[in-house]
Amino acid sequence: MGRTITLKNHLSDEELKARYQSSTDPVESRRWHLLWLVSQRWYLLDAAESVGVSYSYARKVVYAYNQDGVETIANRRRGRQMTRRALLSATQQAELDQALQSPPADGGLWSGPKVAQWIAQKTGRAQVHPQRGWDYLQRLHYSGQRPRPRHANADEAAQTAFKKTCRTESSS
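Residues numbered from 1 in each chain as written. Predicted model: local features only at pLDDT ≥ 70, side-chain atom pairs only at ≥ 80, totals over all residues. Heavy atoms only, no water.

Per an unreviewed UniProt entry, the protein carries the name Helix-turn-helix domain-containing protein and comes from Leptolyngbya sp. NK1-12.

Trainee: Kindly report on the nonpolar core, identifying the contributing residues and their values.
Mentor: Ranked by internal contacts, the top residues of the largest apolar core, which has 21 residues, are Leu-16, Trp-32, Leu-34, Leu-35, Val-62 and Tyr-65. The set of elements that each furnish at least two residues to this core consists of α2 (26-39), α3 (44-51) and α4 (55-68). Among all residues touching Trp-32, those that are not within four sequence positions of it are Leu-11, Leu-16, Arg-19, Tyr-20, Ser-23, Tyr-65, Val-70 and Ile-73. (Core = buried A, V, L, I, M, F, W, Y, C linked by side-chain atoms within 4.5 Å. Buried < 20%, exposed > 50% of the residue type's maximum accessible area, 1.4 Å probe, protein only. Helix = DSSP H or I, 4+ residues; strand = E, 2+ residues; numbered from the N terminus. Contact = heavy atoms within 4.5 Å.)

Trainee: Tell me about the packing of helix α5 (residues 90-99) against helix α6 (residues 112-123), residues and numbers included.
Mentor: Interhelical geometry of α5 versus α6 gives an angle of 135° and a closest axis separation of 11 Å. Between α5 and α6, the angle falls in the class oblique. For the element pair α5 and α6, the recorded crossing hand is right-handed. Of the residues in α6, those in contact with Gln-92, Glu-95, Leu-96 and Ala-99 of α5 are Val-115, Trp-118, Lys-122 and Thr-123. (Axes fitted to C-alpha atoms, helices over the stretch in contact; angles between N-to-C directions. Parallel < 35°, antiparallel > 145°, perpendicular 65-115°, else oblique. Left-handed = near helix turned anticlockwise from the far one by under 90°.)

Trainee: Describe the pattern of salt bridges, listing the residues and the values that go with them.
Mentor: Throughout the structure, instances matching the rule amount to three salt bridges. Here Asp-106 ties to Lys-114 by a salt bridge, and the two come within 3.4 Å at their closest N and O atoms. You can call Asp-106 exposed: its relative accessible area is 57%. Take Lys-114: its relative accessible area is 19%, and that puts it in the buried class. (Salt bridge = Lys/Arg side-chain N within 4 Å of Asp/Glu carboxyl O.)

Trainee: Please give an account of helix α7 (residues 130-139) that cites residues and values.
Mentor: Taken together, the buried positions of α7 are occupied by Gly-133, Tyr-136 and Leu-137. Taken around the axis of α7, the buried residues stretch over an arc of 105°, which confines them to a single face. Contact partners of the buried residues in α7: α5 and α6. Just downstream of α7 lies His-141, where phi reads positive at about 60°. (Arc of directions from axis to C-beta.)

This is how it looks when you write it as structure tokens:
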């Protein structure tokens, strides 16, 4: 079936269960749950399946716990996660909404890179990634519609004559 693995006595079964139940971080909670199940004489393969981790990851967690103790169970990635900060304040976002009502300074239509440049000028940043400009366009419900392209050598009279003929044929 599987192998039972013994844990070193860093914490008792009740302490492992208490840490599992009180942990607010999902990664740490899963690790504590795994260790508690192993302390209850579960096979490591079954405990890993029950908790939702791979067998090799479960082995690494148990090995680290046996070698270094309680400190290794902490989620060290928590400090490195990026925080979501808005580039624009509410008033700056309202200014951007007003600016989007008129054409951009260089003409044409608003795009992600153009909005990113606008944000960089307003906030004093050296550079804003074009994706952030697109994100603000989406946040303000701006439709990125563009006019249909026109051929350089298009004959307007022929096109209107064609449109008129198509309507009369399809309606009869």
